[in-house]
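# A structural walkthrough
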Amino acid sequence: MSDTAENDWSAWAALKANKGSPKPDSDIFAGFWKLPNGIAGTALPVATWKDGAWLASINGADAIDRDCGAEWSGFLAKTWPKLVAVEHEAYLAALDKGVWPDGTPLKKDQRGGMGDNAPPEGSVEALLAEAAGHLESARNLVKAGGAKTEEDADIASNLAKTLTEAKAKVIAAHKVEKQPWLDGGREVDNKFFPTRDGLETAAKTIKDRVINPFQVEQRRLRDEEIARKRAEAEAAAAAGREAEPPPSAAEPEKVSSGSRGRKTSLVERRYGEITDHEAFAAFLGKMKSVVILSALETAANNLARNHGVGETPAPGVIVRSRMVTV
(Lines give C-alpha, C1' and ligand atoms only; values in the text may rest on other atoms or scores of the structure.)
Protein backbone atom coordinates (compact mmCIF):
# COMPACT_ATOMS: atom_id res chain seq x y z
CA MET A 1 0.00 0.00 0.00
CA SER A 2 1.41 3.37 -0.98
CA ASP A 3 0.82 6.51 1.05
CA THR A 4 0.22 9.04 -1.73
CA ALA A 5 -0.83 12.65 -1.49
CA GLU A 6 -4.30 11.55 -2.56
CA ASN A 7 -4.96 10.09 0.90
CA ASP A 8 -6.55 12.24 3.56
CA TRP A 9 -6.25 10.46 6.91
CA SER A 10 -8.04 13.09 8.97
CA ALA A 11 -11.50 11.46 8.94
CA TRP A 12 -10.01 8.15 10.07
CA ALA A 13 -7.90 9.88 12.73
CA ALA A 14 -11.02 11.54 14.13
CA LEU A 15 -12.80 8.21 14.40
CA LYS A 16 -9.99 6.12 15.89
CA ALA A 17 -9.88 8.17 19.08
CA ASN A 18 -13.34 6.82 19.99
CA LYS A 19 -13.09 3.59 17.98
CA GLY A 20 -15.81 4.95 15.76
CA SER A 21 -17.19 3.64 12.48
CA PRO A 22 -17.96 5.35 9.16
CA LYS A 23 -21.52 6.48 8.59
CA PRO A 24 -23.44 4.00 6.41
CA ASP A 25 -24.04 6.61 3.70
CA SER A 26 -20.56 8.17 3.81
CA ASP A 27 -18.07 8.06 0.96
CA ILE A 28 -15.07 5.79 1.47
CA PHE A 29 -11.91 7.37 2.91
CA ALA A 30 -8.43 6.21 3.88
CA GLY A 31 -7.87 4.42 7.16
CA PHE A 32 -6.99 1.29 9.10
CA TRP A 33 -9.83 -0.73 10.52
CA LYS A 34 -11.04 -3.75 12.45
CA LEU A 35 -13.93 -5.74 10.94
CA PRO A 36 -15.60 -7.38 13.96
CA ASN A 37 -17.72 -10.48 13.94
CA GLY A 38 -19.83 -10.69 17.07
CA ILE A 39 -20.59 -14.40 16.79
CA ALA A 40 -17.49 -15.45 18.65
CA GLY A 41 -15.40 -12.35 19.15
CA THR A 42 -13.23 -12.38 16.02
CA ALA A 43 -12.14 -9.50 13.80
CA LEU A 44 -10.23 -8.96 10.56
CA PRO A 45 -7.77 -6.14 9.79
CA VAL A 46 -8.86 -3.91 6.90
CA ALA A 47 -7.08 -1.08 5.12
CA THR A 48 -8.61 1.45 2.74
CA TRP A 49 -6.65 3.94 0.66
CA LYS A 50 -6.57 5.69 -2.68
CA ASP A 51 -4.00 5.11 -5.36
CA GLY A 52 -5.61 6.45 -8.49
CA ALA A 53 -8.76 4.52 -7.48
CA TRP A 54 -10.14 3.56 -4.11
CA LEU A 55 -8.78 0.25 -2.83
CA ALA A 56 -9.50 -2.03 0.13
CA SER A 57 -7.54 -4.98 1.55
CA ILE A 58 -9.07 -7.43 4.00
CA ASN A 59 -6.72 -9.45 6.19
CA GLY A 60 -3.74 -8.58 4.01
CA ALA A 61 -5.30 -10.08 0.88
CA ASP A 62 -4.92 -8.61 -2.59
CA ALA A 63 -6.68 -5.27 -2.78
CA ILE A 64 -10.12 -5.00 -4.33
CA ASP A 65 -11.56 -2.01 -6.18
CA ARG A 66 -14.54 -1.04 -8.31
CA ASP A 67 -13.32 -3.39 -11.06
CA CYS A 68 -14.16 -6.31 -8.73
CA GLY A 69 -17.83 -5.65 -9.41
CA ALA A 70 -20.17 -7.30 -6.91
CA GLU A 71 -17.39 -7.85 -4.38
CA TRP A 72 -16.65 -4.12 -4.28
CA SER A 73 -20.35 -3.24 -4.10
CA GLY A 74 -20.76 -5.71 -1.25
CA PHE A 75 -17.81 -4.19 0.57
CA LEU A 76 -19.23 -0.67 0.36
CA ALA A 77 -22.77 -1.72 1.28
CA LYS A 78 -22.14 -4.33 4.00
CA THR A 79 -18.55 -4.11 5.22
CA TRP A 80 -17.72 -0.39 5.16
CA PRO A 81 -20.36 0.63 7.76
CA LYS A 82 -19.18 -2.14 10.14
CA LEU A 83 -15.53 -1.11 10.20
CA VAL A 84 -14.05 0.19 13.45
CA ALA A 85 -11.13 2.63 13.29
CA VAL A 86 -7.94 1.35 14.96
CA GLU A 87 -4.36 2.48 15.36
CA HIS A 88 -2.03 1.72 12.46
CA GLU A 89 0.21 -0.22 14.88
CA ALA A 90 -2.71 -2.42 15.96
CA TYR A 91 -3.53 -3.15 12.32
CA LEU A 92 0.07 -4.18 11.63
CA ALA A 93 0.25 -6.31 14.78
CA ALA A 94 -2.91 -8.19 13.77
CA LEU A 95 -1.49 -8.96 10.35
CA ASP A 96 1.86 -10.01 11.79
CA LYS A 97 0.72 -12.14 14.74
CA GLY A 98 -2.70 -13.35 13.61
CA VAL A 99 -4.30 -11.83 16.70
CA TRP A 100 -5.12 -8.27 17.77
CA PRO A 101 -3.26 -6.66 20.69
CA ASP A 102 -6.40 -7.03 22.82
CA GLY A 103 -6.42 -10.80 22.17
CA THR A 104 -9.17 -10.79 19.54
CA PRO A 105 -8.28 -13.49 17.00
CA LEU A 106 -8.62 -13.24 13.22
CA LYS A 107 -10.88 -15.32 11.06
CA LYS A 108 -9.39 -18.01 8.86
CA ASP A 109 -11.39 -16.81 5.82
CA GLN A 110 -9.22 -14.26 4.02
CA ARG A 111 -12.16 -12.31 2.67
CA GLY A 112 -13.95 -12.24 5.99
CA GLY A 113 -16.48 -14.99 5.26
CA MET A 114 -18.79 -12.70 3.25
CA GLY A 115 -19.51 -15.33 0.61
CA ASP A 116 -22.71 -17.28 0.13
CA ASN A 117 -21.17 -20.31 1.87
CA ALA A 118 -20.73 -18.52 5.19
CA PRO A 119 -22.88 -20.11 7.94
CA PRO A 120 -25.82 -18.03 9.23
CA GLU A 121 -24.85 -15.52 11.88
CA GLY A 122 -25.63 -16.81 15.36
CA SER A 123 -25.80 -20.46 14.24
CA VAL A 124 -23.94 -23.33 15.85
CA GLU A 125 -22.04 -23.81 12.61
CA ALA A 126 -20.85 -20.20 12.76
CA LEU A 127 -19.79 -20.66 16.38
CA LEU A 128 -17.76 -23.76 15.51
CA ALA A 129 -16.20 -22.00 12.52
CA GLU A 130 -15.15 -19.09 14.69
CA ALA A 131 -13.79 -21.48 17.32
CA ALA A 132 -11.69 -23.08 14.56
CA GLY A 133 -10.37 -19.61 13.79
CA HIS A 134 -9.41 -19.16 17.45
CA LEU A 135 -7.53 -22.45 17.36
CA GLU A 136 -5.70 -21.40 14.19
CA SER A 137 -4.67 -18.14 15.87
CA ALA A 138 -3.50 -20.09 18.92
CA ARG A 139 -1.41 -22.45 16.78
CA ASN A 140 0.22 -19.53 15.00
CA LEU A 141 1.00 -17.82 18.30
CA VAL A 142 2.54 -20.99 19.76
CA LYS A 143 4.67 -21.46 16.64
CA ALA A 144 6.12 -17.99 17.19
CA GLY A 145 7.61 -19.20 20.48
CA GLY A 146 7.76 -17.66 23.94
CA ALA A 147 6.81 -14.04 24.51
CA LYS A 148 9.73 -11.64 24.21
CA THR A 149 8.04 -8.39 25.21
CA GLU A 150 5.29 -7.25 27.55
CA GLU A 151 3.11 -6.61 24.50
CA ASP A 152 3.63 -10.21 23.33
CA ALA A 153 2.67 -11.52 26.78
CA ASP A 154 -0.44 -9.30 26.86
CA ILE A 155 -1.54 -10.50 23.43
CA ALA A 156 -1.05 -14.13 24.43
CA SER A 157 -2.89 -13.60 27.72
CA ASN A 158 -5.82 -11.94 25.96
CA LEU A 159 -6.00 -14.73 23.40
CA ALA A 160 -5.96 -17.36 26.16
CA LYS A 161 -8.93 -15.55 27.73
CA THR A 162 -10.70 -15.48 24.37
CA LEU A 163 -10.13 -19.23 23.99
CA THR A 164 -11.59 -19.85 27.44
CA GLU A 165 -14.62 -17.68 26.66
CA ALA A 166 -15.11 -19.48 23.34
CA LYS A 167 -14.91 -22.81 25.16
CA ALA A 168 -17.70 -21.69 27.49
CA LYS A 169 -19.84 -20.74 24.46
CA VAL A 170 -19.19 -24.11 22.82
CA ILE A 171 -20.09 -25.94 26.04
CA ALA A 172 -23.30 -23.93 26.35
CA ALA A 173 -24.23 -24.57 22.70
CA HIS A 174 -23.45 -28.26 23.10
CA LYS A 175 -25.69 -28.44 26.14
CA VAL A 176 -28.58 -26.75 24.33
CA GLU A 177 -28.29 -28.93 21.23
CA LYS A 178 -27.86 -32.15 23.17
CA GLN A 179 -30.65 -31.47 25.70
CA PRO A 180 -33.52 -32.77 23.51
CA TRP A 181 -31.61 -35.99 22.96
CA LEU A 182 -30.96 -36.33 26.69
CA ASP A 183 -34.62 -35.66 27.45
CA GLY A 184 -35.68 -38.21 24.85
CA GLY A 185 -33.18 -40.73 26.16
CA ARG A 186 -34.40 -40.25 29.73
CA GLU A 187 -37.99 -40.69 28.59
CA VAL A 188 -37.12 -44.00 26.96
CA ASP A 189 -35.02 -45.02 29.98
CA ASN A 190 -37.87 -44.22 32.37
CA LYS A 191 -40.17 -46.35 30.26
CA PHE A 192 -38.02 -49.47 30.33
CA PHE A 193 -35.39 -49.26 33.09
CA PRO A 194 -37.67 -49.65 36.14
CA THR A 195 -39.01 -52.92 34.76
CA ARG A 196 -35.55 -54.02 33.62
CA ASP A 197 -34.03 -53.29 37.03
CA GLY A 198 -36.94 -54.91 38.83
CA LEU A 199 -36.50 -58.11 36.83
CA GLU A 200 -32.76 -58.15 37.49
CA THR A 201 -33.24 -57.58 41.22
CA ALA A 202 -35.95 -60.24 41.46
CA ALA A 203 -33.77 -62.82 39.69
CA LYS A 204 -30.80 -62.03 41.97
CA THR A 205 -32.98 -62.20 45.08
CA ILE A 206 -34.29 -65.63 44.09
CA LYS A 207 -30.75 -66.89 43.50
CA ASP A 208 -29.45 -65.45 46.79
CA ARG A 209 -32.34 -66.31 49.12
CA VAL A 210 -34.06 -69.31 47.57
CA ILE A 211 -31.58 -71.29 45.48
CA ASN A 212 -28.23 -70.54 47.13
CA PRO A 213 -29.08 -71.94 50.64
CA PHE A 214 -30.33 -75.17 49.06
CA GLN A 215 -27.30 -75.55 46.77
CA VAL A 216 -24.85 -74.79 49.58
CA GLU A 217 -26.47 -77.54 51.65
CA GLN A 218 -26.39 -79.92 48.68
CA ARG A 219 -22.71 -79.14 48.20
CA ARG A 220 -22.05 -79.86 51.90
CA LEU A 221 -23.87 -83.20 51.74
CA ARG A 222 -22.05 -84.16 48.54
CA ASP A 223 -18.65 -83.29 50.01
CA GLU A 224 -19.46 -85.29 53.14
CA GLU A 225 -20.43 -88.30 50.99
CA ILE A 226 -17.23 -88.05 48.98
CA ALA A 227 -15.16 -87.83 52.18
CA ARG A 228 -16.99 -90.86 53.66
CA LYS A 229 -16.36 -93.01 50.58
CA ARG A 230 -12.69 -92.06 50.50
CA ALA A 231 -12.31 -92.91 54.19
CA GLU A 232 -13.99 -96.31 53.63
CA ALA A 233 -11.73 -97.04 50.67
CA GLU A 234 -8.63 -96.14 52.67
CA ALA A 235 -9.75 -98.30 55.61
CA ALA A 236 -10.49 -101.27 53.34
CA ALA A 237 -7.13 -100.97 51.66
CA ALA A 238 -5.38 -100.90 55.06
CA ALA A 239 -7.26 -104.06 56.13
CA GLY A 240 -6.60 -105.84 52.85
CA ARG A 241 -10.27 -105.91 51.89
CA GLU A 242 -11.78 -105.09 48.54
CA ALA A 243 -13.90 -101.94 48.39
CA GLU A 244 -15.34 -99.49 45.93
CA PRO A 245 -12.62 -97.34 44.38
CA PRO A 246 -12.40 -93.90 46.02
CA PRO A 247 -14.01 -90.96 44.18
CA SER A 248 -11.85 -89.34 41.52
CA ALA A 249 -9.68 -86.44 42.58
CA ALA A 250 -11.01 -84.46 39.62
CA GLU A 251 -13.40 -81.55 40.27
CA PRO A 252 -16.82 -83.02 41.03
CA GLU A 253 -19.83 -82.04 38.99
CA LYS A 254 -21.24 -78.63 39.85
CA VAL A 255 -24.30 -78.34 42.03
CA SER A 256 -26.95 -76.88 39.75
CA SER A 257 -30.68 -76.33 39.52
CA GLY A 258 -33.17 -75.83 36.74
CA SER A 259 -34.73 -77.95 34.03
CA ARG A 260 -35.04 -75.32 31.25
CA GLY A 261 -32.33 -73.41 29.45
CA ARG A 262 -29.20 -72.36 31.32
CA LYS A 263 -29.10 -73.81 34.82
CA THR A 264 -28.28 -71.86 37.97
CA SER A 265 -25.04 -73.26 39.35
CA LEU A 266 -23.11 -72.91 42.58
CA VAL A 267 -19.68 -71.49 41.71
CA GLU A 268 -16.78 -70.13 43.69
CA ARG A 269 -16.28 -66.35 43.57
CA ARG A 270 -13.05 -65.18 45.17
CA TYR A 271 -12.71 -61.76 46.80
CA GLY A 272 -10.02 -59.99 48.74
CA GLU A 273 -10.59 -59.13 52.38
CA ILE A 274 -8.21 -56.41 53.61
CA THR A 275 -6.90 -57.44 57.01
CA ASP A 276 -4.16 -54.80 57.33
CA HIS A 277 -4.89 -51.54 55.50
CA GLU A 278 -1.46 -50.00 56.19
CA ALA A 279 0.45 -53.03 54.92
CA PHE A 280 -1.73 -53.23 51.83
CA ALA A 281 -1.26 -49.50 51.09
CA ALA A 282 2.52 -49.90 51.39
CA PHE A 283 2.37 -52.82 48.96
CA LEU A 284 0.35 -50.80 46.44
CA GLY A 285 2.89 -47.99 46.62
CA LYS A 286 5.58 -50.33 45.31
CA MET A 287 3.54 -51.33 42.28
CA LYS A 288 4.00 -49.61 38.92
CA SER A 289 0.33 -49.56 37.95
CA VAL A 290 -0.53 -46.25 36.25
CA VAL A 291 -3.97 -46.26 37.85
CA ILE A 292 -2.59 -46.77 41.37
CA LEU A 293 0.22 -44.24 40.93
CA SER A 294 -2.27 -41.67 39.61
CA ALA A 295 -4.56 -42.22 42.60
CA LEU A 296 -1.62 -41.84 45.00
CA GLU A 297 -0.51 -38.64 43.24
CA THR A 298 -4.01 -37.21 43.51
CA ALA A 299 -4.11 -37.99 47.22
CA ALA A 300 -0.69 -36.35 47.71
CA ASN A 301 -1.80 -33.21 45.81
CA ASN A 302 -4.90 -32.95 47.99
CA LEU A 303 -2.76 -33.10 51.13
CA ALA A 304 -0.32 -30.51 49.75
CA ARG A 305 -3.03 -27.84 49.37
CA ASN A 306 -3.29 -27.46 53.14
CA HIS A 307 0.45 -27.46 53.93
CA GLY A 308 3.45 -25.26 53.24
CA VAL A 309 6.29 -25.93 50.83
CA GLY A 310 8.82 -28.31 52.38
CA GLU A 311 6.38 -29.75 54.90
CA THR A 312 5.66 -33.47 55.13
CA PRO A 313 1.89 -33.90 55.43
CA ALA A 314 2.17 -37.71 55.35
CA PRO A 315 4.93 -40.32 55.37
CA GLY A 316 6.55 -40.45 51.97
CA VAL A 317 5.10 -37.09 50.83
CA ILE A 318 6.82 -33.69 50.78
CA VAL A 319 5.17 -30.51 49.53
CA ARG A 320 6.81 -28.95 46.46
CA SER A 321 5.75 -26.03 44.27
CA ARG A 322 6.15 -24.86 40.68
CA MET A 323 5.01 -21.72 38.89
CA VAL A 324 2.20 -22.18 36.37
CA THR A 325 0.21 -19.68 34.31
CA VAL A 326 -3.55 -19.76 34.87
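Residues numbered from 1 in each chain as written. Predicted model: local features only at pLDDT ≥ 70, side-chain atom pairs only at ≥ 80, totals over all residues. Heavy atoms only, no water.

Right, let's talk about the sheet that holds strand β2 (residues 42-51) for a bit. If you trace the four strands from one edge of the open sheet to the other, you get β3-β2-β1-β4, paired in antiparallel fashion. Of all the strands in the sheet, just β3 (53-58) and β4 (84-85) have a single pairing partner and so form its edges. Examined bridge by bridge, strand β1 (residues 31-37) and β4 share two bridges and lie antiparallel to one another. Bridge pairing links K34 to V84 in β4. Of the strands in this sheet, β1 and β2 are in contact with helix α3 (residues 88-97), which crosses β2 at around 120°. (Pairing = 2+ DSSP bridges. Helix = DSSP H or I, 4+ residues; strand = E, 2+ residues; numbered from the N terminus. Contact = heavy atoms within 4.5 Å. Axes fitted to C-alpha atoms, helices over the stretch in contact; angles between N-to-C directions.)

Looking now at the nonpolar core. Inside soluble globular proteins, nonpolar side chains tend to come together where they are buried. One finds W33, V46, F75, L83 and W100 to be the most contacted residues of the largest nonpolar core, which totals 26 residues. At the level of elements, β1, β2, β3, α2 (70-79) and α3 are the ones that each hand at least two residues to this core. Examining the composition of this core, we find that five residues originate from one element, β2, more than from any other. Sequence-distant contacts of L83, defined by excluding residues within four places in its chain, comprise G20, S21, P22, W33, K34, L35, V46 and F75. (Core = buried A, V, L, I, M, F, W, Y, C linked by side-chain atoms within 4.5 Å. Buried < 20%, exposed > 50% of the residue type's maximum accessible area, 1.4 Å probe, protein only.)

Okay, the pairing of β1 next. By the criterion of burial, β1 is predominantly enclosed, with six of the seven residues buried. Pairing geometry for β1 and β2, over seven bridges, is antiparallel. Along β2, the bridge assignment pairs P36 with A43.

Let us now look at the confidence of the model for the protein. Of the residues in the protein, 91% reach a pLDDT of 70 or more, and the chain-wide mean stands at 85. When pLDDT is averaged over each helix and strand of the protein, the minimum, 83, is found for helix α6 (residues 277-285) and the maximum, 94, for β4. In this model residues 108-116 is a low-confidence stretch, pLDDT under 50, and it forms 22 contacts with partners more than four residues away in sequence or in other chains. (pLDDT = per-residue confidence, 0-100.)

The next thing to look at is a positive patch on the surface. Taken together, the side chains of K207, K254, R262 and R269 define a basic patch exposed on the protein surface. With respect to the element layout, R269 can be found in the loop between β6 (264-265) and α6. For R269, a relative accessible area of 69% puts it in the exposed group. (Patch = residues over 30% accessible without salt bridge, like charges linked within 9 Å, V, L, I, M, F, W, Y side chains within 5 Å. Areas by Shrake-Rupley, 256 points an atom, 1.4 Å probe, with all protein chains shown as cover. Salt bridge = Lys/Arg side-chain N within 4 Å of Asp/Glu carboxyl O. Lys, Arg positive; Asp, Glu negative; His and termini not counted. Charge placed at Lys NZ, Arg CZ, Asp CG, Glu CD.)

Pairing of β2 with β3 involves six bridges; the strand directions are antiparallel. Directly across from K50, in β3, lies its bridge partner W54. Hairpin geometry of β2 and β3 is characterised by an intervening segment of one residue between the two adjacent antiparallel strands and by a positive phi of about 85° at G52.

Our focus in this paragraph is the packing of aromatic side chains. In total, this model carries nine aromatic pairs according to the counting rule given. Considering the side-chain rings of W9 and F32, the 5.4 Å spacing of their centres and the 5° angle between planes classify their relative orientation as stacked. Separated by 23 residues along the polypeptide, W9 in the segment before α1 (10-16) and F32 in strand β1 bring together distant segments of the chain. Seen from their ring centres, F32 and Y91 are 5.1 Å apart, and the 45° between their planes marks the pair as tilted. Taken as a pair, F32 in strand β1 and Y91 in helix α3 lie far apart in primary sequence, 59 residues in all. Both residues of the pair, F32 and Y91, belong to the buried class. The structure contains a cluster of three or more aromatic residues connected by ring pairs, namely W9, W12, F32 and Y91. For K34, the ring lying beneath its charged end belongs to W100, and the centroid distance is 4.9 Å. One cation-aromatic arrangement involves R196 over F193; the distance from NZ or CZ to the ring centre is 3.8 Å. (Phe/Tyr/Trp six-rings, centres within 6.5 Å; stacked < 30°, edge-to-face > 60°. Lys NZ or Arg CZ within 6 Å of the ring centre and 35° of its normal.)

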